[in-house]
Amino acid sequence: MTRATSPDHGMGTGLDLERTGTVRRLAEQHASERGALMVVLHAVQSELGHIGRSDVEAIADVLNLSRADVHGVVSFYKDFRTEPSPEHTVHLCRAEACQSVGAEALYVDARRAFAGRDDVEVDEVFCLGNCALGPSGMIDGRLHGRLSSERLLGLTEEWVR
Ligand code: FES
């Protein structure tokens, strides 16, 4: 649902203005650095959790770039979020070593288990550096190895609604 006063839809609230002020401060802080756009985008995401449409406008303005330029970079890199993070995340490795020990089936099962849940994000990653203990995954930012569908459900059982 969108509100007329949301940061991305016109008139700003006090919080929206505060957010924009933070984005502008971060952009100004890094504007003269080499590769400033990437540095600013990482800083905004790190401090505010995601990079919204109004953030793109503010960054473009401070760095003297077009909105399309900034948006293009944000949308190109999967690590940049354009929406706030969900409450829970399941990031499963689908790289070769984990694939060879069942990562594909685990990923399919996880997608199915959390289908329709907007509070849980299931996504793929490619190697978490835990190859000897695959299938590997990050559950709410914590690394787990030797995952199975059963184990995943056990680790997330308190997320049941
Ligand atoms: S291949 Fe999965 S952790 Fe390296």
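Residues numbered from 1 in each chain as written. Predicted model: local features only at pLDDT ≥ 70, side-chain atom pairs only at ≥ 80, totals over all residues. Heavy atoms only, no water.

Chemist: Residue-level account of the domain arrangement of the protein, with values.
Modeler: Here the protein is described as being made up of domain 1 (14-76) and domain 2 (88-159). One C-alpha centre belongs to domain 1, the other to domain 2, and the line joining them spans 31 Å. (Domains from an automatic or database assignment.)

Chemist: Describe the pattern of salt bridges, with residues and values.
Modeler: Within this structure, the stated rule accounts for 10 salt bridges. Of the charged contacts in the structure, one is a salt bridge between Arg112 and Asp109, with a shortest N-O distance of 3.4 Å. On the criterion of helical spacing, the pair formed by Arg112 and Asp109 is a turn pair, its members being 3 residues apart in helix α6 (residues 103-113). Of the charged contacts in the structure, one is a salt bridge between Arg117 and Asp119, with a shortest N-O distance of 2.8 Å. On the accessibility criterion, Arg117 (16% relative accessible area) is buried. Counted as one network, the salt bridges with shared partners bring together Arg94, Glu104 and Glu124. (Salt bridge = Lys/Arg side-chain N within 4 Å of Asp/Glu carboxyl O. Helix = DSSP H or I, 4+ residues; strand = E, 2+ residues; numbered from the N terminus. Buried < 20%, exposed > 50% of the residue type's maximum accessible area, 1.4 Å probe, protein only.)

Chemist: Run through the packing of aromatic side chains, naming residues and quoting values.
Modeler: Overall, the coordinates contain 3 aromatic pairs when judged by the stated rule. Ring geometry for Tyr77 versus Phe80: centroids 6.1 Å apart, planes at 85°, classification edge-to-face. Note on Phe114 and Trp159: the rings are 5.8 Å apart at their centroids and 50° apart in plane angle, and the pair reads as tilted. One end of the pair, Phe114, is in the loop between α6 and β2 (120-125); the other, Trp159, is in the segment after α7 (149-155), and 45 residues separate them in sequence. (Phe/Tyr/Trp six-rings, centres within 6.5 Å; stacked < 30°, edge-to-face > 60°.)

Chemist: Residue-level account of the packing of helix α1 (residues 14-30) against helix α3 (residues 53-63), with values.
Modeler: Running from N to C, α1 and α3 cross one another at 35°; their axes reach a closest spacing of 9 Å. You can see that α1 and α3 cross each other, and the crossing is right-handed. Residue-level inspection shows Arg19, Thr20, Val23, Arg24, Ala27 and Glu28 of α1 in contact with α3, the latter providing Asp55, Ala58, Ile59, Asp61, Val62 and Leu63. Residue composition of the contact of α1 with α3, by class: 6 nonpolar, 1 polar and 5 charged. (Axes fitted to C-alpha atoms, helices over the stretch in contact; angles between N-to-C directions. Left-handed = near helix turned anticlockwise from the far one by under 90°. Contact = heavy atoms within 4.5 Å. Nonpolar A, V, L, I, M, F, W, Y, C, P; charged D, E, K, R; others polar.)

Chemist: Explain the nonpolar core to me, and be specific about the residues and the numbers.
Modeler: Judged by nonpolar contacts, the single largest core of 20 residues is most densely connected at Leu41, Ile51, Ile59 and Val70. Mapped by element, the contributors of at least two residues to this core are α1, α2 (36-48), α3 and α4 (67-76). Not counting the four nearest positions on each side in its chain, Val70 is found in contact with Leu37, Leu41, Val56, Ile59, Ala60 and Leu65. Leu106, Val122, Ile139 and Leu147 belong to the second-largest nonpolar core, a separate cluster that totals 12 residues. (Core = buried A, V, L, I, M, F, W, Y, C linked by side-chain atoms within 4.5 Å.)

Chemist: How would you explain the pairing of strand β1 (residues 88-93) if you had to name every residue and give the values?
Modeler: Buried residues dominate β1, accounting for 5 of its 6 residues. Relative to strand β3 (residues 137-139), β1 runs antiparallel, the two being bridged by 3 bridges. Counted as the bridge partner of His91 is Met138 from β3. (Pairing = 2+ DSSP bridges.)

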